[in-house]
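Residues per chain, in single letters:
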Amino acid sequence: DILLYRSEIVPVGEDQVPHLELTREVARKFNSVFGETFAEPAEVLSRGAKILGTDGVNKMSKSLGNCIYLDDEDEEISKKLAGAMTDPARKRRSDPGDPEVCNIFNYHRVFSTQEEIDACAEGCRTAGIGCVDCKKIVAGHIRETVAPIRERRRELLARPGDVRDILEDGAKRARPIAEDTMEEVRQKVGIVLK
């Protein structure tokens, strides 16, 4: 698992891609001047590379109050999704919608099965399913996904010493790798520490 620190593959969301490009540019410049030292990271985008907040406009943000937290209780998840933005052109249950402009459909792409995604898309286009029904399906999947995360968080919060030990162990294993890299950088740049 120490090899992961040297990995060239970085799983990111769409809004982190520019940061990775900046990192690649710095690595390229350093490598061209001082010799091959840093790997150029490559992004890996998942199905959920860009998920907007429940407002359907902005990225999920604590300060905007449009996010679902991993430790939200089931009722809170359902409540947040109930008020979440859907296809703005679909005003009534009987209006056909466009799942491609519906933010909740993006949540389906991440959390639902392919059969459910297809059924919800068809139901939206034909007004065969309402937004409330669609939200209930995805809410159930989000609750299933975060339940074990929420439980693990509770367990760890009950044992703060264990969390501290895990962090210290990770730092202890990462430190020699970082020190070796920094020593290599200092040698190539010509910096001598006394």
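Conventions we followed
Residues numbered from 1 in each chain as written. Predicted model: local features only at pLDDT ≥ 70, side-chain atom pairs only at ≥ 80, totals over all residues. Heavy atoms only, no water. Helix = DSSP H or I, 4+ residues; strand = E, 2+ residues; numbered from the N terminus. Contact = heavy atoms within 4.5 Å. Salt bridge = Lys/Arg side-chain N within 4 Å of Asp/Glu carboxyl O. 1 Å grid on protein atoms, 1.4 Å probe; cavity = no way out; pocket = protein on both sides within 12 Å on 5 of 7 lines; lining within 4 Å. Points joined across faces, edges and corners; volume = space filled by probe spheres on them. Nonpolar A, V, L, I, M, F, W, Y, C, P; charged D, E, K, R; others polar. pLDDT = per-residue confidence, 0-100. Expected span 1.5 Å × (residues − 1). Bend = angle between axes of the 7 residues up to and from the residue. Buried < 20%, exposed > 50% of the residue type's maximum accessible area, 1.4 Å probe, protein only. Polar contact = N/O pair within 3.5 Å; in protein donor to acceptor, adjacent residues only side chain to side chain. Core = buried A, V, L, I, M, F, W, Y, C linked by side-chain atoms within 4.5 Å.

K.L.:
Can you help me understand the environment of L20 in this one?
P.N.:
Tracing the sequence through the fold places L20 in helix α1 (residues 17-34). Separated by 21 residues in sequence, L20 and P41 place their C-alpha atoms 6.8 Å apart. The contact partners of L20, leaving out residues within four places of it in the chain, are V10, V12, P41, A42 and E43.

K.L.:
So what exactly am I meant to see when it comes to the pattern of salt bridges here?
P.N.:
When the charged atoms of two side chains lie near each other, side chains of opposite charge can form a pair. Going through the model one piece at a time under the given rule, you end up with 19 salt bridges. Salt-bridge contacts for K59 lead to D15; the nearest nitrogen and oxygen are separated by 3.4 Å. Note that K59 is positioned in the loop between β2 (42-44) and α2 (74-82) and D15 in the loop between β1 (9-11) and α1, a separation of 44 residues in sequence. Between D169 and R173 there is a salt bridge, with its nearest N and O atoms 3.5 Å apart. Of this pair, D169 and R173 both sit in helix α6 (residues 160-189), separated by four residues, roughly a single helical turn. Connected via shared salt-bridge partners are E21, R24, R28, E40 and E43.

K.L.:
How should empty space enclosed by the protein be read in this particular structure?
P.N.:
In this approach, a probe sized like a water molecule rolls over the atoms, and the result shows the empty space that is left. All chains considered together, the criterion is met by one cavity of 30 Å³ or more. Taken as a whole, the largest cavity holds about 70 Å³ of empty space. Put simply, the parts of the chain that give the lining of the largest cavity at least two residues each are α4 (114-126) and α5 (131-157). Taken together, the residues of the lining of the largest cavity sort by class into eight nonpolar, two polar and one charged.

K.L.:
Help me understand the confidence of the model for the chain, please; the structure alone is not making it clear to me.
P.N.:
A residue-level look at the chain finds 96% of positions with pLDDT of 70 or above and a mean pLDDT of 90. Counting contacts from residues 1-6, a segment whose pLDDT is below 50, to residues more than four positions away or on other chains yields eight contacts.

K.L.:
What am I meant to see in α6 here?
P.N.:
It helps to recall that an α-helix has 3.6 residues per turn; residues three or four apart then point in one direction. For α6, which comprises 30 residues, the first-to-last C-alpha distance of 41 Å matches the rise-based estimate of 44 Å (1.5 Å per residue) to within 8%. Its maximal kink placed at A174, α6 deviates by approximately 30 degrees, while the proline P176 follows within four residues. Listed as buried for α6 are G170, I177, T181 and V185. Looking one or two places after α6, you find G190, whose phi comes out positive at around 90 degrees.

K.L.:
I would appreciate a short explanation of the environment of T145 in the present structure.
P.N.:
Of note, T145 is situated in helix α5. Taking the C-alpha atoms as reference points, T145 and E76, 69 residues apart in sequence, are found 14 Å from one another. A distance of 2.9 Å separates a polar atom in the side chain of T145 from the backbone oxygen of H141.

K.L.:
Is there a simple way to think about unusual backbone geometry in this case?
P.N.:
Leaving glycine aside, a negative phi is the common case for residues, and trans is the common case for peptide bonds. With phi around 60 degrees, A127 is a residue other than glycine that occupies positive phi space. Here A127 shows up in the loop between α4 and α5.

K.L.:
Is there a simple way to explain the nonpolar core in this structure?
P.N.:
One broad rule of soluble globular proteins: the nonpolar side chains tend to lie buried together. The biggest cluster of nonpolar side chains holds 17 residues, and the ones touching the most others in it are I68, I77, L81, I104, Y107, V138 and I142. For this core, the elements supplying multiple residues, two or more each, are α2, α3 (103-111), α4 and α5. Setting aside anything within four residues of it in sequence, one finds V138 in contact with L81, I104, Y107, H108, F111 and S112.

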